[in-house]
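One letter stands for each residue in the lines below.
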Amino acid sequence: MATKPTLGDIAATILDPMLSDNYLLNIPDIPGNDGGAAQALRMQCTSAAKPGATLNAVEVQVFGHTLEFAANKTFSHDMSVEYVENRTGKITDTLERWADLIRDTETQTGEYKAGYARSGYFTIFDNKGKTVREYEIHGMWPSAVPDLSFNGQSSSIITLSVSFKFDHYTLRNRGA
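Every value quoted in this text rests on a predicted model; they were computed, and no experiment measured them.

Engineer: How should the pattern of salt bridges be read in this particular structure?
Structural biologist: Pairing is possible between side chains of opposite charge, provided their charged atoms come close. Tallying each qualifying case throughout the model produces six salt bridges. Put simply, Lys113 and Asp167 hold a salt bridge, and the shortest N to O gap is 2.8 Å. Placement of Lys113 in helix α4 (residues 113–116) and of Asp167 in the loop between β8 (159–165) and β9 (168–174) is noted, with a sequence separation of 54 residues between them. Judged by its relative accessible area of 35%, Lys113 falls in the partly exposed class. Put simply, Glu134 and Arg172 hold a salt bridge, and the shortest N to O gap is 3.3 Å. Placement of the pair is Glu134 in strand β7 (residues 131–144) and Arg172 in strand β9, with a sequence separation of 38 residues. On the basis of relative accessibility, which here comes to 47%, the residue Arg172 falls in the partly exposed class.

Below is the structure:
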């Protein structure tokens, strides 16, 4: 017989909640960079979302009855990341060079996917800094390099949003 959850039941289940600032997005091998830009993006990333997946359904109707079955698993293939730019524009420069490698502005020629797509790693930590989960995001590349907007009437931090395309993700590590 089901009973209403008690405070003790809830405390035993929730333990400590997952916090929104316990994550890391790392793209360690950005094409054409010395590693400094990857470190900058890693440290200056202010928000990112671990991509999800969709399980599509197929429906079977027979003799007036309908049943739902799982079909294929698909991904959004889009990931948006916000970051704070530093005074030298290191991340923006990196993203612009990466985009130029993918497709040159003047010739519209570019690199093959094996040369520009990279794996990124989205790691989630607990309150003590232990890895809870680590996902590998396969085939990432920037699909929209942000505008740099300035305002001469105020002085504020420049926060930018970059869009990445990706193929899929896999769970690499199920930590703590």
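Still more ground to cover, so stick around.
Engineer: I keep staring at the environment of Phe150 and nothing clicks. Help me out?
Structural biologist: Residue placement: Phe150 occurs in the loop between β7 and β8. Using a relative accessible area of 66% as the deciding quantity, one classes Phe150 as exposed. Put simply, Phe150 and Ser47 are 103 residues apart on the chain and 21 Å apart in space, counted from C-alpha to C-alpha.

Engineer: Can you help me understand the side chain of Arg118 in this one?
Structural biologist: By the element assignment, Arg118 lies in strand β6 (residues 118–125). Owing to a relative accessible area of 16%, Arg118 belongs among the buried residues under this scheme. If we ignore the near neighbours within four places in the chain, the residues touching Arg118 are Ile27, Asp29, Pro31, Trp98, Ile137, His138, Gly139 and Met140.

Engineer: Any chance you could explain the environment of Lys73 here in plain terms?
Structural biologist: Considering the arrangement of structural elements, one finds Lys73 in strand β4 (residues 65–75). The class of Lys73 is exposed, set by a relative accessible area of 52%. In this structure, the C-alpha to C-alpha distance between Lys73 and Ala40, residues 33 residues apart in sequence, is 33 Å. Look past the residues within four positions of Lys73 in its chain and what remains in contact with it is Ala53, Thr54 and Leu55.

Basis of the calculations
Residues numbered from 1 in each chain as written. Predicted model: local features only at pLDDT ≥ 70, side-chain atom pairs only at ≥ 80, totals over all residues. Heavy atoms only, no water. Salt bridge = Lys/Arg side-chain N within 4 Å of Asp/Glu carboxyl O. Helix = DSSP H or I, 4+ residues; strand = E, 2+ residues; numbered from the N terminus. Buried < 20%, exposed > 50% of the residue type's maximum accessible area, 1.4 Å probe, protein only. Contact = heavy atoms within 4.5 Å.

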